[in-house]
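Overview (structure and organization)
Here is what each chain is made of, one letter per residue.
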Amino acid sequence: MSPTTLTLGILAVLTAALSLVSIVVYWVDKRAAANGRRRIPEARLLGIDAIGGWPGGAIARRLLRHKTHKLTYRVKWYLAAGAHLAVCAGLVWVVTR
C-alpha cells in the first residue's frame, strides 16, 4: 500500500469517527438547550469539528437546526473546517512529494 493511500485511508477513518462524535455532541447540546440544562461550550464543539468532525458538525447543524443563526459561530465553524481541510491538504502534499 502506498503512503498516499494509507494517509488518505487514515484521514477518512478519523474524519468518519470524529464526525460521529460531533453529531452526538451537537445532539447532546441541543437537548441540553431544550431542557434548560448546562450547555456544551462552543469552543468544545468547534474543537471537535476543527480536528476532523466538521462533516458531522455540518450534518448535525442542518438536521438538528442547531447553531445555525449565530453569525459569529458560523464564521468560526467555517474557519475551523477550512483549517482542517488545509492541514489535510498539506499532509497529503508532504506524503506525495
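Each residue is numbered by its place in its chain's sequence as written, counting from 1. A pLDDT threshold of at least 70 governs which residues receive local features in this predicted model, and a stricter bar of 80 or more applies before side-chain atom pairs are shown or counted, although totals over entire chains, interfaces and linings include all residues. Hydrogens are left out, water is left out, and the side-chain values use all remaining heavy atoms of the structure.

Things to note about the pattern of salt bridges
Short version of the rule: Only one rule defines a salt bridge in this text: a Lys or Arg side-chain nitrogen within 4 Å of an Asp or Glu carboxyl oxygen. Runs of E in the DSSP output that reach at least two residues are strands. Runs of H or I that reach at least four are helices, and both are numbered from the N terminus. To sort residues, take the accessible area from a 1.4 Å probe on protein chains only and compare it with the maximum for the residue type: under 20% means buried, over 50% means exposed, and anything in between is partly exposed.
This model, assessed by the stated rule, comprises 3 salt bridges. In this structure, aspartate 29 engages arginine 39 in a salt bridge whose closest nitrogen and oxygen atoms are separated by 2.9 Å. Here the residue aspartate 29 occupies a position in helix 1 (residues 3–34), and arginine 39 occupies one in the loop between helix 1 and helix 2 (42–64), the gap between them amounting to 10 residues. You can call arginine 39 partly exposed: its relative accessible area is 38%. Residue glutamate 42 pairs with lysine 70 through a salt bridge whose shortest N-O separation is 3.0 Å. Of this pair, glutamate 42 sits in helix 2 while lysine 70 sits in the loop between helix 2 and helix 3 (71–96); the two residues are 28 residues apart in sequence, bridging distant segments of the chain. Taking the relative accessible area as the measure of exposure, glutamate 42 reaches 19% and is therefore buried. A single network of salt bridges, built from pairs that share partners, joins Glu42, Lys67 and Lys70.

Quick look at the environment of alanine 83
Mapped onto the elements of the fold, alanine 83 is located in helix 3. On a C-alpha basis, the gap between alanine 83 and isoleucine 51 in space is 8.8 Å, while along the polypeptide they are 32 residues apart.

A look at the packing of helix 2 against helix 3
Heads up, the condition is: Working convention: axes come from line fits to C-alpha atoms, limited for helices to the stretch in contact. Angles between N-to-C directions cover 0 to 180 degrees. An angle counts as roughly parallel when it lies under 35 degrees, as roughly antiparallel when it exceeds 145, as roughly perpendicular when it falls between 65 and 115, and as oblique in every other case. Working rule for contacts: check all heavy atoms of both residues, and any pair within 4.5 Å makes them a contact. Each residue receives one of three labels: charged for Asp, Glu, Lys and Arg, nonpolar for Ala, Val, Leu, Ile, Met, Phe, Trp, Tyr, Cys and Pro, and polar for the others, Gly being one of them.
Here helix 2 crosses helix 3 at 90°, and the two axes come no closer than 9 Å. With respect to helix 3, the element helix 2 is oriented roughly perpendicular. Residues Glu42, Leu45, Leu46, Asp49, Ala50, Ile51, Gly52, Trp54, Gly57, Ala58 and Arg61 of helix 2 pack against Tyr73, Arg74, Lys76, Trp77, Ala80, Ala81, His84 and Leu85 of helix 3. Classifying every residue of the contact of helix 2 with helix 3 by side-chain character gives 11 nonpolar, 3 polar and 5 charged.

Things to note about helix 3
The test is simple: A helix is expected to span 1.5 Å multiplied by its residue count minus one.
Helix length check: helix 3 (26 residues) gives 37 Å between terminal C-alpha atoms against 38 Å at 1.5 Å per residue, within 8%. All of the buried residues in helix 3 are Tyr73, Trp77, Ala80, Ala81, His84 and Cys88. Those residues of helix 3 that are buried lie in contact with helix 1 and helix 2.

Things to note about helix 2
How we decide: A residue's bend is the angle separating two fitted axes: one through the seven residues that end there, the other through the seven that start there.
In this model helix 2 runs just 16 Å from its N-terminal to its C-terminal C-alpha over 23 residues, more than 12% under the 33 Å that 1.5 Å per residue would give. The largest bend in helix 2 is about 125°, located at glycine 53, with the proline proline 55 one to four residues further on. Every buried residue of helix 2 is listed here: Glu42, Leu45, Leu46, Ile48, Asp49, Gly52, Gly53, Gly56, Gly57, Ala60 and Arg61. For helix 2, the elements touching its buried residues are helix 1 and helix 3.

Keep in mind these numbers describe shape, not what the thing actually does.
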